[in-house]
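Structural features, examined
As a plain string of letters, each chain reads:
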Amino acid sequence: MPFSDPIVETSPVVADQIKTTTCYMCACRCGVRVHLKDGQIRYIDGNPDHPVNGGVICGKGSAGIMKQDSPARLRKPLLRTGERGRGEFREIEWDEALGLLTTRLSGIRKTDPRKLALFTGRDQSQALTGWWAQQFGTPNYAAHGGFCSVNMAAGGLYSIGGSFWEFGEIDWEHTRYLMMFGVAEDHDSNPLKIGLAKLKARGAKFVSVNPVQTGYSAIADEWLGIRPGTDGLLILSLVHELLRSEQVDFEYLARYTNAPWLVIDDPGAADDGLFARDGDGNPLLYCGARGAVVSAFDADAQPVLAGRRVLADGRGAVPAFEHLARRYLEPAYAPDAVAEQTGLSAATIRGLAAEIARAAFEQPVIIEQPWTDWAGRRHERMVGRPVSFYAMRGISAHSNGFHTARALHMLQTLLGAVDTPGSFRYKAPFPRPVPPPQPPSGKRSQVKPGEPMPGMPLGFVSSPDDLLLDEHGQPMRIDKAYSWEAPVAAHGVMHMVIHNAWKGDPYPIDTLFMFMANMSWNSSMNSAGTMAMLTDRDPATGEYRIPFIVYSDAFASEMVAYSDLVLPDTTYLERWDAISLLDRPISSADGPADSIRQPIVQPDRDVRCFQSVLLDLGARLGLPGMTNDDGGARYPGGYADYIVNHQRRPGIGTLAGWRGADGSQHGVGDPNPDQLQRYIDNGCFWQDELPPQARYFKHGNRDYLEYAARMGFIGAAKPIVIQLYSEVMQKFRLAARGHGAVTPPPEYRERIEHYFDPLPFWYPPFEGAALASGDFPLHALTQRPMIMYHAWDSQNAWQRQILGSNRLYLHPQTAARLGIVDDGWVWVTSHHGRIKCQVRLMAGVNPDTVWTWNAIGKRAGAWNLDPDAGEARKGFLLNHLIAETLPGGDHSNSDPVTGQAAWFDLRVRIEPAEANTPAHSEPQFAVLPVPPGLPPAPKRLQRGARFRRRAAS
């Protein structure tokens, strides 16, 4: 048929309705506008009024339209009919699914609630899911943070009372020097792009420290291709140089940190290394003006940062700062001593320290804004150090990541660059006391059949007394979080759940209930081994070692085939949702904010929002908080009903905006039945602005602290002291020495003694230290591309056109040494496994490092992709090379303090594949069948044709 000239419509009617909502194509939580015509989605753009993105939208956000059209969307509840792992199901009705699950969970709750393990992936409703686990009575709950970024969160919350991303941001308007560590371009995508554009327009310097030069690193003024896992060593070398040259903000340290607090020096005593305190429990410092030891909260004290003092009981004590200075002035931290390990020259490190000091102390930012500190002292202006630091998974996903994160917070604190003009700034509801005063629940006495736990399953330990141990000192949680294996596991240890449940260590469970957690593929270390664990049977009984697996997802991911009951979820454009101050809100440094998602379209499948399913299930189980006195459901309207009417405590609900019967209150107030409509009318978000005098120095700013207390962010308007020296860490070290009521068993004492140092330190990542470097000489990493956030994106038709398979990238010099050519096939071997993949040469990578894009590789048949799709035939995962336990198998492959998964400790060797090797990646697995009800995998997926046909007719 001959082609005719196209008819150009100059004034098309693009949409007849526009709705706002919050994007869910990554974790940025940008505001978007969805344009509809005849009730169908036409396109998505950014909401120009939204505080997160100001109208900017990325490729992921625009491609949300194809997620709604995905042929991988599950359509109805599924019950397994064949062997687990084969993907054989029959469709069932919701009443049957929920009835089956209610019966099973009811029996668990009446006998041992721990036999239920509820773990969620990229869940943005953890305030609800954690509360549900609490009401059920199981301590076995966590979300994805344990294999994502708990080192970043815990490292900050145990140091400065906040951290990066959701907890804080860069002062883009005033900073003059930004140093970014280990941040890939998917992270906080639009806000960072907007901020970096401002920074570069002003001529401020941007330095990126990352083994891989992509994304943000590619636009940096200086890229430092550091050797993976040595960021902490670089940071401590910068500290060495700043201390050596006395380029430190001593006034800031004396006023806002525990640097002057006196540390008891009494080797062998039960309080050695703890802070000296007065009879009221206040820490002590030495006041130079009075020549006496006084309370650290004496507003008139003039703290002294060095010098040994004699306490009232005759014992000696020295300020925390002196301990810090002695350690980091040691020659081991000098640039010449760390250059070889980091892969950066000593001159480069010294140059960085000089630039940082120059920006901080020769170019201060001064804002002519009076403010009052916590003690009532008036300051006529706000003076700041315009140096900012920012970090993420690149430093977090190592077995030394907790101390590296602490070291980075120590560096910015020494400069006086925490919540001052030009530096890192807290975002409400942070800062919080250090550590936050919410310990985890789940002790033996707190887990009782038929009863809720007294608190949430996740929290923050302040001493060994807060650990979740049974009467024999063994872990109470299936993931061993808050045990001696991972004492400060603030986000849980999700990557160990399946392994531990399979082993029955520390005990067997009955039901594993997961949401958005693709644990049989890209979300597990040892993916092939995990699949084997999920299908393994006890030879004595013939039953599965993990008896029952329930999974909820919107899409036919690899995990579906390994589930016994599948509960189909809605997409983010079909649901109500809340991005809450109780969870991970959209606040800025200038004020708190939260947001909602509203249903843009109604589902065309028999699916239900997972959060509503949980509430329905809770009502069927009779869980406290989810039922009324008459036994009826407290939230019959599902998640939307809960969002409006649930109160965590009087006046504190899921959303902070438009509270009270008439919607006139904010932060604290009774439920408002019209609250969701008020959010919709405002573009699906709420925000409040702090007065100018409360925007900086929040940790010690009276106006902010009083505001935070009124809003319910903190318990009282008391100063939040930055903790350079961690007394919490020292309490664990003392326990390892035999002091206190809770002490580690003999096999853990040396481990706790060494890694629970009150000052941050650097040590080589565990996997590399355990292996002969000559056997596995290369570091191997993954990064997430700007265009894709997770596995859920690499099934998206638009995004797949940009990145349909991945390569292993390596430096040309490394390739030449190994006889590897561009586009060639190679074998990659670790101590744990072996894969085959295709390579691409790239100069912008550390020569001792190889890397690839994360989660591109797919199992054939999953996500309703053609089994011969590039993601399945050429795509691959490094996960197959990563073991969940360390060589020798004694401990998990994790940070010893937090349990953070050490994804980036992987060491490998590579070699060219045989000349006639088949052109596909390995390992390959049996093709998964398409679940019942899904359409056949399309050969071509397109959008817009129906609108063009309609216009033509």
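Read on for a plain summary of the structure.

1. Looking at helix α9 (residues 320–328)
In terms of burial, α9 is largely enclosed, as seven of its nine residues are buried. When α9 is considered as a whole, its buried residues turn out to be A320, F321, E322, L324, A325, R327 and Y328. Tucked inside the fold, the buried residues of α9 contact α7 (231–244), α8 (250–256), β12 (262–265), β16 (316–319) and α13 (401–414).

2. Digging into empty space enclosed by the protein
For the structure on display, the rule yields ten cavities of 30 Å³ or more. Roughly 440 Å³ of internal volume is contained in the largest cavity. Taken together, 31 residues form the lining of the largest cavity, with R393, T782, N854, W903 and F904 sitting closest to its centre. Those elements that provide at least two residues to the lining of the largest cavity are α12 (393–396) and β31 (778–783). Sort the elements by how many residues they give to the lining of the largest cavity and β31 lands first, with four residues. Class assignment for the residues of the lining of the largest cavity results in 14 nonpolar, twelve polar and five charged. Each pocket or cavity is described by its volume, and for the second largest cavity that value is around 320 Å³.

3. Here's the deal with the side chain of Q723
For Q723, the position within the fold is in the loop between α19 (702–711) and α20 (727–736). Given a relative accessible area of 13%, Q723 falls into the buried group. Only 3.0 Å separates the side chain of Q723 from the backbone oxygen of V721, close enough to count as a polar contact. Once residues lying within four places of it in the same chain are set aside, the contact partners of Q723 are Y158, S159, N258, W261, F275 and V434.

4. Things to note about the sheet that holds strand β2 (residues 31–37)
Read from one edge to the other, the open sheet built from three strands follows the order β1-β2-β3, with strand pairing classed as antiparallel. Where the open sheet ends on each side, the last strands, each with one partner, are β1 (17–22) and β3 (40–46). When strand polarity is set aside, the average angle formed by the axes of neighbouring strands in this sheet is 30°. Taken together, the six bridges between β2 and β3 define a ladder with antiparallel strand orientation. Counterpart to H35 in the pairing with β3 is Y43.

5. Some details on the sheet that holds strand β5 (residues 89–91)
Paired through their backbone hydrogen bonds, the strands of a sheet run either parallel or antiparallel. With mixed pairing, seven strands are arranged side by side in an open sheet as β5-β4-β25-β24-β23-β6-β7. Edge positions in the sheet fall to β5 and β7 (141–142), since each of these pairs with one other strand and no more. Here five bridges tie strand β23 (residues 511–515) to strand β24 (residues 548–553), and the two strands are oriented parallel to one another. Note that in β24 the partner of F513 across the bridge is V550.

Rules and cut-offs
- Each residue is numbered by its place in its chain's sequence as written, counting from 1.
- Per-residue local features are limited, in this predicted model, to residues with pLDDT of at least 70; the limit for side-chain atom pairs, both in listing and counting, is 80 or more; totals at the level of whole chains, interfaces and linings are taken over all residues.
- Water and hydrogen atoms play no part in the side-chain values, which are based on all heavy atoms of the structure.
- Relative accessibility decides the category of a residue: with a 1.4 Å probe and only protein chains considered, values under 20% of the type maximum give buried, values over 50% give exposed, and everything between is partly exposed.
- Helical segments are the DSSP runs of H or I of at least four residues, strand segments are the runs of E of at least two, and each set is numbered from the N terminus.
- Contacts are assigned to residue pairs with any non-hydrogen atoms lying within 4.5 Å of each other.
- Within this scheme a cavity is a closed region of a 1 Å grid, computed over the protein atoms alone, that accommodates a 1.4 Å probe without allowing it to escape, whereas a pocket is open but has protein on both sides within 12 Å along at least five of seven lines; lining residues each have an atom within 4 Å of a point.
- Grid points are joined across faces, edges and corners, and a volume is the space filled by probe spheres set on the points.
- Think of it as three bins: nonpolar holds Ala, Val, Leu, Ile, Met, Phe, Trp, Tyr, Cys and Pro, charged holds Asp, Glu, Lys and Arg, and polar takes everything else, Gly as well.
- Whenever two N or O atoms come within 3.5 Å, that pair is a polar contact, provided that in protein one can donate a hydrogen and the other can accept it, and provided that, for residues adjacent in sequence, both atoms are side-chain atoms.
- For two strands to be treated as a pair, DSSP must find at least two bridges joining them.
- Helix axes use the C-alpha atoms of the stretch in contact, all axes being lines fitted to C-alpha atoms, and the angles between their N-to-C directions lie in the range 0 to 180 degrees.

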